[in-house]
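# Commentary on secondary and tertiary structure
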Amino acid sequence: MSARAPHAPAPPVAPVATFFLVLCAPGAEAVLAQGAAARGLRRAFSRPGVLTLKAAGPLGPKARLCAPLARFAAPCFGRAGDLVDDVRALARVAEGPVRLHVVDAAATAPSDAHGPAADALRAALVRELGEVVLEDEAPALSDAVVTVVLIDEVPWLTLHRHARGLPPWPGGRPREALLPPEQGGPPSRAWRKLYEVCERFALAPRAGERALEIGAAPGGAALLLLERGLEVVGVDPNEMDARVAEHPRFVHVRTPSTQLSPEQIAGPFQWLLVDVNVPPGTALRGALPFIEAHAATLRAVVFTLKLKRWQLIEELPSWLERLGRAAPRLSFTATSLASHGQELVAVGYARGR
Ligand SMILES: C[S@@+](CC[C@H](N)C(=O)[O-])C[C@H]1O[C@@H](n2cnc3c(N)ncnc32)[C@H](O)[C@@H]1O
């Protein structure tokens with residue numbers, strides 16, 4: 001495959017970005033644009049799962065869009081003309097070699113996120129661009145990342161600097177496809193959700209640490225933690241997957257958390273996960289006493305917030321504030337993951353540790 005664009009030529013890429021290109025869950029566009037409008041960004045282009053937000057002035061590669069519903073957002077230079085020349089131009093803006101990502105915006109499931117066309121295009125670009133592009137696509141902190149986003153097969157170009165909390169994968173989508181549980185894959189999507197959180201926030205679970213999970217069945221997240229050598233206490237009235245239930249480092253408390261008091265579960269815990277299928281307000285009311293009880297030892301809190309309506313995002317600042325009060329040693333932020341449905345995750349972590 002050639003790296004030269006097959007479509008009608010567009011004007012050469014401008015060396016200045018004036019809008020953010022955003023990938024999000026299909027359906028979240030309107031609420032996301034509404035939030036951005038309050039910060040002076042105007043929706044320009046939109047289709048399911050993709051939108052552009054125009055800024056009042058130029059955006060540097062370090063410009064960050066503060067929008068928890070965005071799965072990927074980066075300063076955008078518009079449609080590419082000649083991709084090879086345009087990536088070179090962006091490497092000049094970045095003042096050095098760049099990581100190159102190619103992603104197909106139309107892909108929805110993480111497992112088909114990249115696809116053969118995107119991968120072939122990346123391989124062709126890497127060949128033609130030589131040392132302008134670093135071979136490995138995984139960015140280290142502060143690396144410049146050029147992303148070619150294919151929208152209806154037309155390449156658009158973005159440039160950003162990688163930072164903690166941002167996804168390291170093209171378009172925010174992990175590459176690995178997971179097998180279904182009956183073929184040996186994890187018991188639930190929660191395995192991938194936790195994997196994404198750990199990678200994005202550099203929260204490596206450590207062997208010997210202890211985790212408490214409220215809403216643990218069937219056990220995707222618990223399995224990941226067990227695989228990494230943790231001890232896990234899972235609170236859930238529902239049945240666990242046999243691989244988790246029979247694991248020697250897993251303890252099942254088969255009672256809803258609402259019928260337990262924190263003192264009934266002996267700590268210490270370094271990890272506390274909450275993934276209950278109830279509205280965030282109810283989930284917080286039930287789980288905050290457990291977070292408070294273990295706040296002194298917690299290194300990470302991973303709290304899934306199910307959004308029955310996208311508009312509920314307006315309450316996010318108050319949810320984060322309550323979490324922050326319960327575990328003051330941790331900083332809380334919320335984000336949308338590639339493996340998410342209509343939900344967000346609030347992640348609490350100790351900055352700089
Ligand atoms: C989305 S599933 C959790 C998935 C799980 N984290 C995993 O890794 O596979 C939601 C779970 O929350 C549980 N749940 C709801 N309310 C609960 C409560 N008050 N205490 C404990 N579990 C609860 C349900 O029984 C259900 O199994």
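Residues numbered from 1 in each chain as written. Predicted model: local features only at pLDDT ≥ 70, side-chain atom pairs only at ≥ 80, totals over all residues.

## Some thoughts on the site of the ligand
Going by this rule: Any residue whose C-beta atom, as placed from the backbone, lies within 6 Å of a molecule or strand is termed near it. Helix and strand assignments come from DSSP, with helices taken as H or I runs of at least 4 residues and strands as E runs of at least 2, each series counted from the N terminus. Note on residue categories: nonpolar means Ala, Val, Leu, Ile, Met, Phe, Trp, Tyr, Cys or Pro, charged means Asp, Glu, Lys or Arg, and polar means any other residue, Gly included.
In the vicinity of the ligand lie 24 residues, with S188, A190, G215, A221 and D275 positioned nearest. Broken down by element, the shell around the ligand gets its largest block of residues, 3 residues, from helix 5 (residues 220–227). Across the shell around the ligand, the residue classes tally to 13 nonpolar, 9 polar and 2 charged.

## Focus: the domain arrangement of the protein chain
So the rule is basically this: Domain delimitation follows an automatic or database domain assignment. Contacts are defined on C-beta atoms placed from the backbone: any two residues whose C-beta positions lie within 7 Å are in contact.
Examined at the domain level, the protein chain breaks down into domain 1 (17–172) and domain 2 (181–349). On a C-alpha basis, the centroid separation for the pair domain 1 and domain 2 is 30 Å. Each partner contributes residues to the interface: domain 1 has 17 residues there, and domain 2 has 18 residues. Tallied by class, residues from the side of domain 1 that touches domain 2 come to 12 nonpolar, 3 polar and 2 charged.

## Structural notes on the packing of helix 7 (residues 280–294) against helix 8 (residues 316–326)
Note the threshold: Between the N-to-C directions of two axes lies an angle of 0 to 180 degrees, each axis being a line fitted to C-alpha atoms and, for a helix, fitted only over the stretch in contact. An angle below 35 degrees is read as roughly parallel, one above 145 as roughly antiparallel, one from 65 to 115 as roughly perpendicular, and any other as oblique. Put simply, a crossing is left-handed when the front helix is turned counterclockwise from the back one by less than a right angle, and right-handed when it is turned clockwise.
At their nearest, the axes of helix 7 and helix 8 sit 9 Å apart, and the two run at 10 degrees to each other. On the basis of the axis angle, helix 7 is roughly parallel to helix 8. Between helix 7 and helix 8 the crossing geometry is right-handed. Residues P280, L284, L288, I291 and E292 of helix 7 form the contact with helix 8, whose participating residues are W319, R322 and A326. Looking at the contact of helix 7 with helix 8, its residues break down into 6 nonpolar, no polar and 2 charged.

## Here we look at the packing of helix 2 (residues 83–94) against helix 3 (residues 115–129)
In helix packing, the relevant descriptors are the interaxial angle and the interaxial distance, both defined with respect to the helix axes. Viewed as axis vectors pointing N to C, helix 2 and helix 3 meet at an angle of 65 degrees, and their least axial separation amounts to 10 Å. Classified by the interaxial angle, the pair formed by helix 2 and helix 3 is roughly perpendicular. The handedness of the crossing between helix 2 and helix 3 is right-handed. Seen from helix 2, the contacting residues are L83, V84, V87 and R88; seen from helix 3, they are L125, E128 and L129. Taken together, the residues of the contact of helix 2 with helix 3 break down into 5 nonpolar, no polar and 2 charged.

## Section: the sheet that holds strand 9 (residues 210–214)
Selection criterion: In this scheme, strands are said to pair when DSSP sees at least two bridges between them.
Ordered by their spatial adjacency, 7 strands build an open sheet running 11-10-9-12-13-15-14, and the pairing between neighbours is mixed. In this open sheet, the two edge strands, each paired with only one partner strand, are strand 11 (250–253) and strand 14 (331–335). Recorded for the sheet is a direction-independent mean angle of 15 degrees between the axes of neighbouring strands. Inspection of the sheet shows strand 10 (residues 231–235) paired to strand 11 by 4 bridges, in the parallel sense. What sits directly across from V233, in strand 11, is V251. Against the sheet, helix 5 touches strand 9, strand 10, strand 11 and strand 12 (271–274), its axis set at about 165 degrees to strand 10. Strand contacts of helix 7: strand 9, strand 12 and strand 13 (300–306), with the helix running at about 165 degrees to strand 12, the strand carrying the most contacts.

## Describing the nonpolar core
Soluble globular proteins: nonpolar side chains tend toward being buried together. What counts here: One nonpolar core equals one set of buried Ala, Val, Leu, Ile, Met, Phe, Trp, Tyr and Cys residues connected by C-beta atoms within 7 Å. The burial criterion counts other C-beta atoms lying within 10 Å of a residue's C-beta, which is placed from the backbone; the residue is buried at 20 or more, exposed at 12 or fewer, and partly exposed between these limits.
Residues F20, V22, L32 and V301 are the most contacted members of the largest nonpolar core, which totals 103 residues. Here this core gets 7 residues from one element, more than from any other, and that element is strand 1 (residues 17–24). For this core, the two domains that each supply at least three residues are domain 1 (17–172) and domain 2 (181–349). Each residue touching L32, except ones within four places of it in the same chain, is listed here: V22, C24, L51, A67, L69 and A70.

## Describing the environment of S336
Here S336 lies in the loop between strand 14 and strand 15 (343–349). On a C-alpha basis, the gap between S336 and K193 in space is 9.8 Å, while along the polypeptide they are 143 residues apart. Leaving out residues up to four positions away in the same chain, S336 has contacts with C24, A25, P68, L69, A70, R71 and L344.

## Looking at unusual backbone geometry
Cis rather than trans, the peptide bond between A217 and P218 has omega equal to 5 degrees. Topologically, P218 is positioned in the loop between strand 9 and helix 5. Between G267 and the following residue, P268, the backbone shows a cis peptide bond with an omega angle of 0 degrees. Within the secondary structure layout, P268 lies in the loop between strand 11 and strand 12. Of note in this structure, D152 is not a glycine but carries a positive phi near 50 degrees. Relative to the assigned elements, D152 resides in the loop between strand 7 (144–151) and strand 8 (154–161). Judged by the 10 C-beta atoms lying within 10 Å of it, D152 is exposed.

## Details of the pairing of strand 3 (residues 50–59)
Summarising the sheet, strand 1 and strand 3 pair through 6 bridges and their orientation is antiparallel. Looking at strand 3, one finds that A17 is bridged to L59. Alignment of strand 2 (residues 42–47) against strand 3, held across 4 bridges, turns out to be antiparallel. Considered in strand 3, the bridge of R43 is made with L53. The hairpin turn running from strand 2 into strand 3, its antiparallel successor, is 2 residues long, and G49 in that turn takes a positive phi close to 85 degrees.

## With respect to the pairing of strand 15
Buried residues dominate strand 15, accounting for 6 of its 7 residues. Two strands pair when backbone bridges link them, and strand 13 and strand 15 are joined in this way by 7 bridges, in the antiparallel orientation. Paired with L305 across the two strands is L344, which belongs to strand 15.

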